[in-house]
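# Chain and residue survey
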Amino acid sequence: MTKKKAHKPGSATVAMNKRARHEYFIEEEYEAGLSLQGWEVKSLRAGKANISDSYILLRDGEAFLFGSTFQPLAVASSHVVCDPTRSRKLLLKQRELDSLYGRVNREGYTIVALSLYWKNAWCKLKIGVARGKKEHDKRDDIKDREWQLDKARIMKNSKR
């Protein structure tokens, strides 16, 4: 007798940075692994992660995630020092790192964390190469989104 786990669509996502798409134009997306400690994996499984204020810095040929918060569980081991805001190393291929260095240093882009999710047994972070939006760009996006909602309402009511 084998039990099958009921798979819920979208349940693999642990945390999302919704503000990133509002504040930036996302030009390109990458998938990066994370170098985590044991207690961090446990807190991720419990869904206690926040990446809304996080960003990625490139230093010494490596990429690091800063500003993210992984809250330790109350049942974590007492002999392990849990730092919820420590910087975490991102696992990227050298070609991807070189591309990111070129975009950030030459072209003035920034790298932001978009979402944190599980892929099989591995925790992955979707990062985006982003360019900042001006205030009028944000207003245009809001106007377009509201128009799409109004258009959908009009089409729904006209079919009656």
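Our subject is the structure that appears above.
What counts and how
Residues numbered from 1 in each chain as written. Predicted model: local features only at pLDDT ≥ 70, side-chain atom pairs only at ≥ 80, totals over all residues. Heavy atoms only, no water. Helix = DSSP H or I, 4+ residues; strand = E, 2+ residues; numbered from the N terminus. Contact = heavy atoms within 4.5 Å. Areas by Shrake-Rupley, 256 points an atom, 1.4 Å probe, with all protein chains shown as cover. Salt bridge = Lys/Arg side-chain N within 4 Å of Asp/Glu carboxyl O. Buried < 20%, exposed > 50% of the residue type's maximum accessible area, 1.4 Å probe, protein only. Pairing = 2+ DSSP bridges. Phe/Tyr/Trp six-rings, centres within 6.5 Å; stacked < 30°, edge-to-face > 60°. Lys NZ or Arg CZ within 6 Å of the ring centre and 35° of its normal. Core = buried A, V, L, I, M, F, W, Y, C linked by side-chain atoms within 4.5 Å. Arc of directions from axis to C-beta.

### Some points on the overall build of the protein
- Each helix and strand counted, the protein has four helices and nine strands in total.
- Residue pairs at least 24 apart in sequence account for 70% of intrachain contacts in the protein once pairs closer than 6 positions are excluded.
- Entry remark: accessible area of the protein is about 11,100 Å², with carbon and sulfur atoms responsible for 51%.

### Description of the pattern of salt bridges
- Scanning the entire structure with this criterion turns up ten salt bridges.
- A salt bridge links Glu 29 to Arg 21, with the nearest nitrogen and oxygen atoms 2.8 Å apart.
- Note that Glu 62 and Lys 89 form a salt bridge whose closest N and O atoms lie 3.1 Å from each other. Of this pair, Glu 62 sits in strand E5 (residues 62-66) while Lys 89 sits in strand E7 (residues 88-91), and the two are 27 residues apart along the sequence.
- Take Glu 62: its relative accessible area is 28%, and that puts it in the partly exposed class.

### Observations concerning the pairing of E7
- Side chains Arg 88 and Leu 90 of E7 all project onto a buried face; the interleaved residues Lys 89 and Leu 91 project onto a face where none is buried.
- In this structure, strand E2 (residues 24-34) lies alongside E7, joined through two bridges in antiparallel fashion. Pairing of Gly 33 across the sheet is with Leu 91, part of E7.
- By the bridge criterion, three bridges tie E5 to E7 in an arrangement that is antiparallel. Counterpart to Phe 64 in the pairing with E7 is Lys 89.

### Observations concerning the packing of aromatic side chains
- All chains considered together, the criterion is met by one aromatic pair.
- Ring geometry for Tyr 55 versus Phe 66: centroids 6.0 Å apart, planes at 15°, classification stacked. One end of the pair, Tyr 55, is in strand E4 (residues 55-59); the other, Phe 66, is in strand E5, with eleven residues separating them in the sequence.
- Over the ring of Phe 70 we find Arg 88; its NZ or CZ atom is 4.0 Å from the centre of that ring.

### Things to note about unusual backbone geometry
- A positive phi angle is found at Asp 60, which is not glycine, with a value near 55°.
- With phi around 60°, Asn 120 is a residue other than glycine that occupies positive phi space.
- Considering the arrangement of structural elements, one finds Asn 120 in the loop between strand E8 (110-119) and strand E9 (122-132).

### Looking at the nonpolar core
- Core analysis: the largest hydrophobic core is formed by 26 residues, its most contacted members being Leu 44, Ile 56, Leu 90, Leu 116, Leu 125 and Ile 127.
- Listing elements by their share of this core, those giving two or more residues are strand E1 (13-16), E2, helix H2 (38-45), E5, helix H3 (94-107), E8 and E9.
- Not counting residues within four places of it along the chain, the set of residues in contact with Leu 116 comprises Ala 12, Thr 13, Val 14, Ala 15, Leu 34, Leu 44, Ala 49, Ile 51, Phe 70, Cys 123, Lys 124 and Leu 125.

### Considering H2
- Of all the positions in H2, only Trp 39, Glu 40, Ser 43 and Leu 44 are classed as buried. The buried residues of H2 occupy an angular sector of 140° when projected down its axis, which confines them to one face. Exposed residues on H2 whose side chains face more than 90 degrees from its buried face are Gly 38, Lys 42 and Arg 45.

The quantities given are spatial measurements derived from coordinates; they are silent on function.
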